[in-house]
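Architecture and fold: a report
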Amino acid sequence: MNQADAQRIRGILLSIGYIETEKEEESDLILFNTCSVRQHAEERLLGRIRSLSPLKKQNPELLIGVSGCMAQNHKAELLKDLPLIDLVFGPNDINQLQKLLEEAKNKKALGNFACKGTFEGENTDGIVLTRPFSAMVNIIRGCTNFCTYCIVPYVRGPEVSRPIDELLKYISDLASKGVKEIMLLGQNVNVYGKDLGMTEGFATLLEEIEKINGIKWVRFLTSHPRDFTESAIKRIAKLSKVCEQYHLPFQAGNNRILQAMHRGYTRERYIELIKQVRENIPNVSLSTDIICGFPSETEEEFQDTIDLVKQIRYESAYMYYYSPRPGTKAASMKGQLSDEVKKGRLARLIEVQNQISNEESQKQIGKTFEVLVESSASRSENAMLGKTRTGRPVDFVGNSSMIGNFVKVKIDSARNWTLSGKIVEA
Ligand code: SAH
Ligand code: SF4
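Residues numbered from 1 in each chain as written. Chains lettered and ligands numbered in written order. Predicted model: local features only at pLDDT ≥ 70, side-chain atom pairs only at ≥ 80, totals over all residues. Heavy atoms only, no water.

Scanning the entire structure with this criterion turns up three cavities of 30 Å³ or more. Its boundaries defined by the atoms lining it, the largest cavity holds a volume of some 50 Å³. Every residue lining the largest cavity is listed: Ala 4, Gln 7, Arg 8, Glu 122, Met 136, Val 137, Asn 138 and Tyr 170. For the lining of the largest cavity, the secondary structure elements donating two or more residues are α1 (2–15) and β5 (134–138). Here the residues of the lining of the largest cavity sort into four nonpolar, two polar and two charged. (1 Å grid on protein atoms, 1.4 Å probe; cavity = no way out; pocket = protein on both sides within 12 Å on 5 of 7 lines; lining within 4 Å. Points joined across faces, edges and corners; volume = space filled by probe spheres on them. Helix = DSSP H or I, 4+ residues; strand = E, 2+ residues; numbered from the N terminus. Nonpolar A, V, L, I, M, F, W, Y, C, P; charged D, E, K, R; others polar.)

So, about the sheet that holds strand β17 (residues 418–425). An order of β13-β14-β15-β17-β16 is seen for the five strands of this closed barrel, with the pairing classed as mixed. On average, each strand axis in the sheet is inclined to that of its neighbour by 50°, with strand direction left out of account. Note: strand β16 (residues 406–415) against β17, seven bridges, orientation antiparallel. Across the sheet, Ser 413 pairs through a bridge with Ser 420, a residue of β17. (Pairing = 2+ DSSP bridges. Axes fitted to C-alpha atoms, helices over the stretch in contact; angles between N-to-C directions.)

What follows concerns the sheet that holds strand β8 (residues 181–185). Taken together, the three strands give an open sheet; going across it, the order is β5-β8-β9, and neighbouring strands pair in parallel fashion. Only two strands of the sheet have a single partner each, and these edge strands are β5 and β9 (217–221). When the angles between neighbouring strand axes are averaged without regard to direction, this sheet yields 20°. As paired strands, β5 and β8 are joined by five bridges and run parallel to one another. Bridge pairing in β8 links Val 137 to Leu 184.

Attention now moves to the nonpolar core. Residues Ile 139, Ile 182, Leu 184 and Tyr 246 are the most contacted members of the largest nonpolar core, which totals 71 residues. The biggest single contributor to this core is helix α8 (residues 164–176), with six residues. Beyond its immediate stretch of four places on either side in the chain, Ile 182 contacts Ala 135, Val 137, Ile 171, Leu 174, Ile 209, Ile 215, Trp 217, Val 218 and Arg 219. By size, the runner-up hydrophobic cluster in this structure holds 18 residues, among which are Phe 32, Leu 45, Leu 55 and Val 66. (Core = buried A, V, L, I, M, F, W, Y, C linked by side-chain atoms within 4.5 Å. Buried < 20%, exposed > 50% of the residue type's maximum accessible area, 1.4 Å probe, protein only. Contact = heavy atoms within 4.5 Å.)

A word on the pattern of salt bridges. Applying the stated rule across the entire model yields 37 salt bridges. As a salt-bridge pair, Glu 299 and Arg 348 come within 2.9 Å of each other at their nearest N and O atoms. In this pair, Glu 299 sits in helix α13 (residues 299–312) while Arg 348 sits in helix α14 (residues 339–362), placing the two residues 49 residues apart along the sequence. Assessed through its relative accessible area of 30%, Glu 299 is described here as partly exposed. Classification of Arg 348 as partly exposed rests on a relative accessible area of 37%. Salt bridges sharing partners connect three or more residues here, namely Asp 5, Arg 8, Glu 122, Arg 141 and Arg 156. (Salt bridge = Lys/Arg side-chain N within 4 Å of Asp/Glu carboxyl O.)

A separate point is the environment of Asn 354. Locating Asn 354 in the fold gives a position in helix α14. Expressed as a C-alpha distance, the spacing of Asn 354 and Ser 316, which sit 38 residues apart in the sequence, is 8.0 Å.

Turning next to the side chain of Arg 325. Tracing the backbone through its elements, the reader meets Arg 325 in the loop between β12 (316–321) and α14. Among the polar contacts listed, one links the side chain of Arg 325 to the side chain of Glu 42, at a separation of 3.0 Å. Among residues more than four places away in sequence, those in contact with Arg 325 are Ser 36, Val 37, Arg 38, Gln 39, Glu 42, Tyr 149, Ile 151 and Ala 331. (Polar contact = N/O pair within 3.5 Å; in protein donor to acceptor, adjacent residues only side chain to side chain.)

Purely spatial values, then, with no claim about function.
Right, dumping it as structure tokens:
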């Protein structure tokens, strides 16, 4: 979600005359687009901004800005804590960026921090894609789930879907600009359209996108296990453009913890969902998000998470230890665990999952994948990088004229998550 916001911010800045530089000392503007899902991200930002103090002394014209969820969360407070900052705005203020930058040249500038998301001003005119053949598309902003550990509903506001006709026009415009792959984004894509009165709106949206010429691959992130129905899976399974990559965060393998997290499903229902996905989508690649060390989680309850990971065998997983976010329900729950216990559990979980990921990677050897060629690898001129429909990076020998096109690659080796192979069909 933050990458999509950064893509928009970059497009706006380039369209009003800014030029990108890798060198901080050359910059007129340094903007941090931030996340506040975990404490660690917030701490890193504060350190990074403080380190810019000598630059600001050298170049008093330099503007330092903070955007994103952390900006939304702390608003003007950030200016008090760090006087180096000139500009603070939230995810729903991006369309005001040009005005805010003008303001920041004279005085400290603050966004409106509107709670509710909007799609206003989001068209393809000003869009500048890092890869011209691939785009992220927000289909729903905000979240109304209030999982007890999560800050997102507080900083991104309630669920707001983008009307389907607007979305289809936006995606058709992207296709006419050469985009072949789209990633549909939302905190819970499965409830797309609910606020607009649609039922199973997400499957309907995908069926309509299937008809758009030029778009070849469609991915989506994130699915919520509670809202993914078997009937939607069956409808989506029929669509040839939807990639076989399903990210289904389970968060915890124990029912008491799932309930305390307010996730709205049980371990048993989750396992059934995975069965439905695997039955309907052959060769599906599964990934997940997991939190360990939620308040009051016992060692036995944590073992239920390990057990689920072993049972499902994800190709990859994003794993975290619980980070209390002030203002959320879980932050004031009894039974907060020590960092030592949380980090110890995370280390054990990562070890189990890494082994599974490696074993699943080795299973890809000998298979042939359709690959979208994305870039040249830095190590040699003819080394190319691409991605499978299942979202795996693949390297192979080719040439840069292939970038943005599809090739077939037979896999002959695998290192961790990345596969290597040879082109069998250009
Ligand atoms: N909407 C997505 C998740 C968005 S946040 C979903 O519901 O799946 C991305 C991930 O960060 C979450 O899936 C969760 O695993 C993790 N996360 C969120 N809040 C957290 C916290 N307080 N501590 C640790 N991990 C957290
Ligand atoms: Fe956070 Fe839960 Fe919403 Fe995901 S569904 S963003 S974890 S509140």
